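Commentary on secondary and tertiary structure
The lines below spell out each chain.
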Amino acid sequence: MGHLISIASGKGGTGKTTTTANLSIALGKLGKKVLAIDADLTMANLSLVMGIDDAETTIHDVLAGEASISDAIYQTSFENVDLIPAAIDWEHVKKADPRKLPGTIKPLKGYYDFLIIDCPAGLQMDAMNAMLSGEEVILITNPEISCITDTMKVGIVLKKAGLAVLGFVLNRYGRSENDIPPEAAEEVMEVPLLVVVPEDPKVREATLEGVPVVEYDPDSEGAKAFMKLAEEVLKIA
Ligand code: ADP
Ligand code: MG
């Protein structure tokens, strides 16, 4: 059976989509069969980040009862990685029922080694339905105190809901001299620090190209950090 891992955080813009894409591709490179799922139904962009912009059937069609899940699974150009994209237009968003997410995603567990779920930020209904589609969670935070405490809250709620919190990623470290250092962040979060991903212009450059950094520039610091995250995940998941 595969691992269903939600990628979550308390705030938007922390790097959830970036982590979902890079962790998926990194695990694929390590020989695992991976499904990356865009469950951020209102702010979807995972497929763009992964270079797919013409998907006809999306998770929204499935959640609207208008397509079956197998029609929404696409092979990517990355080794061993499939993707379920989401739609971006309001017509699709309006029709999709987020409460159907867990029942739609969980049955796919038997077909992959890892299923990585890109979730919305926070604890609203959309985010909860996406996050509870997973059985394990990786939290993503930036090195700022409000971001760390909000993300910690999400971790506490998910743990209470029965998810295994694997740990957290400290992303975009080194952007400001006021950054909370990794040891202090780990103390506040009270879950293991899996990896520190530095602020790296290559990460954003890669995003713009539709080729995540682990593939775009494997020697960059950002890529090395996401590869290390994949190796950690293989050890603990
Ligand atoms: P979220 O999905 O949590 O809203 P994203 O993954 O979309 O966040 O990231 C937000 C922005 O930050 C994107 O432009 C992305 O390229 C950039 N970004 C993420 N991680 C890094 C990093 N380590 N270094 C530089 N830019 C980053
Ligand atoms: Mg996102």
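The present account deals with the structure reproduced in this document. Each chain has its residues counted from 1, following the order in which its sequence is written. Labels are handed out in written order, letters beginning with A for the chains and numbers beginning with 1 for the ligands. Residue-level local features of this predicted model are given only where pLDDT is at least 70; pairs of side-chain atoms are given and counted only at 80 or more, and the full residue set underlies all totals for whole chains, interfaces and linings.

**Some thoughts on the overall build of the chain**
Quick reminder of the rule: Strands here mean DSSP runs of E at least two residues long; helices mean DSSP runs of H or I at least four residues long; both are numbered from the N terminus. For a compact globule the rule gives 2.2 Å times the number of residues to the power 0.38, and the radius of gyration it is set against comes from C-alpha atoms. Counting other C-beta atoms within 10 Å of its own, a residue is labelled buried from 20 upward, exposed at 12 or fewer, and partly exposed in the gap between, with every C-beta atom placed from the backbone. We call two residues in contact whenever the C-beta atoms placed from their backbones are within 7 Å.
On a plain count of helices and strands, the chain comes out with eleven helices and eight strands. The C-alpha atoms of the chain give a radius of gyration of 16 Å, which matches the 18 Å a tight globule of 237 residues would have. Taken over the C-alpha atoms alone, the chain extends approximately 50 × 40 × 35 Å along its principal axes. Counting only residues that meet the buried cut, the chain has 51% of its 237 residues in that class. Put simply, 75% of the contacts in the chain that link residues at least 6 apart link residues at least 24 apart.

**What about helix α7 (residues 145–160)?**
Under the convention used in this document: One fewer than the residue count of a helix, multiplied by 1.5 Å, yields its expected span.
End to end, α7 covers 23 Å across 16 residues, agreeing with the expected 22 Å (1.5 Å per residue, within 8%). Immediately beyond the C-terminal end of α7, within one or two residues, lies glycine 162, with a positive phi of roughly 105 degrees.

**Overview of the packing of α7 against helix α8 (residues 182–189)**
Short version of the rule: Orientation is described by axes fitted as lines to C-alpha atoms, over the contacting stretch for helices, and by angles from 0 to 180 degrees between their N-to-C directions. Put simply, angles under 35 degrees are roughly parallel, angles over 145 are roughly antiparallel, angles from 65 to 115 are roughly perpendicular, and the rest are oblique. For a crossing to be left-handed, the near helix must be turned anticlockwise from the far one by less than a right angle; the clockwise case is right-handed. The residue classification treats Ala, Val, Leu, Ile, Met, Phe, Trp, Tyr, Cys and Pro as nonpolar and Asp, Glu, Lys and Arg as charged. All others, Gly included, are polar.
One can describe the packing of α7 onto α8 by two numbers: an axis separation of 9 Å at closest approach and a directional angle of 40 degrees. One finds that α7 runs oblique with respect to α8. Seen along the crossing, α7 lies across α8 with a hand that is right-handed. Residues Ile148, Thr149, Met152 and Gly155 of α7 touch α8, and the partners they reach there are Ala185, Val188 and Met189. When the residues that make up the contact of α7 with α8 are grouped by side-chain class, the tally is five nonpolar, two polar and no charged.

**Here we look at the site of ligand 1**
The criterion, for reference: The rule is simple: place the C-beta atom from the backbone, and if it lies within 6 Å of a molecule or strand, the residue is near it.
Taken together, 17 residues are adjacent to ligand 1, and Gly15, Lys16, Thr17, Thr18 and Val203 come closest. Sorting the residues of the shell around ligand 1 by element identifies α1 (16–29), β7 (164–173) and α9 (201–209) as the ones contributing at least two each.

**Considering the sheet that holds strand β2 (residues 34–38)**
Note the cut-off: Two strands make a pair as long as DSSP finds a minimum of two bridges between them.
Spatially, β3-β4-β2-β5-β1-β6-β7-β8 is the arrangement adopted by the eight strands of the open sheet, whose pairing is mixed. Edge strands, defined here as strands with exactly one partner in the open sheet, are β3 (74–75) and β8 (193–198). With two bridges connecting them, β3 and strand β4 (residues 81–84) associate as antiparallel partners. When the sheet's bridge partners are listed, glutamine 75 is paired in β4 with aspartate 82. Packing against the sheet, α1 makes contact with β1 (3–8), β2, β4, β5 (114–118), β6 (136–141) and β7, and its axis sits at approximately 165 degrees to β5. Sheet strands in contact with α7 are β1, β6 and β7, and its direction is about 170 degrees off that of β6.

**Focus on the packing of α1 against helix α11 (residues 221–236)**
α11 packs onto α1 with a crossing angle of 65 degrees between their chain directions and a minimal axis gap of 8 Å. Overall, the two elements α1 and α11 adopt an arrangement that is roughly perpendicular. Crossing angle aside, the handedness with which α1 passes α11 is right-handed. Contacts between α1 and α11 pair Asn22, Leu23, Ala26 and Leu27 from the former with Phe226, Met227, Leu229, Ala230 and Val233 from the latter. Among the residues making up the contact of α1 with α11, the classes are represented as eight nonpolar, one polar and no charged.

Keep in mind that these numbers describe shape and distance, not what the molecule does.
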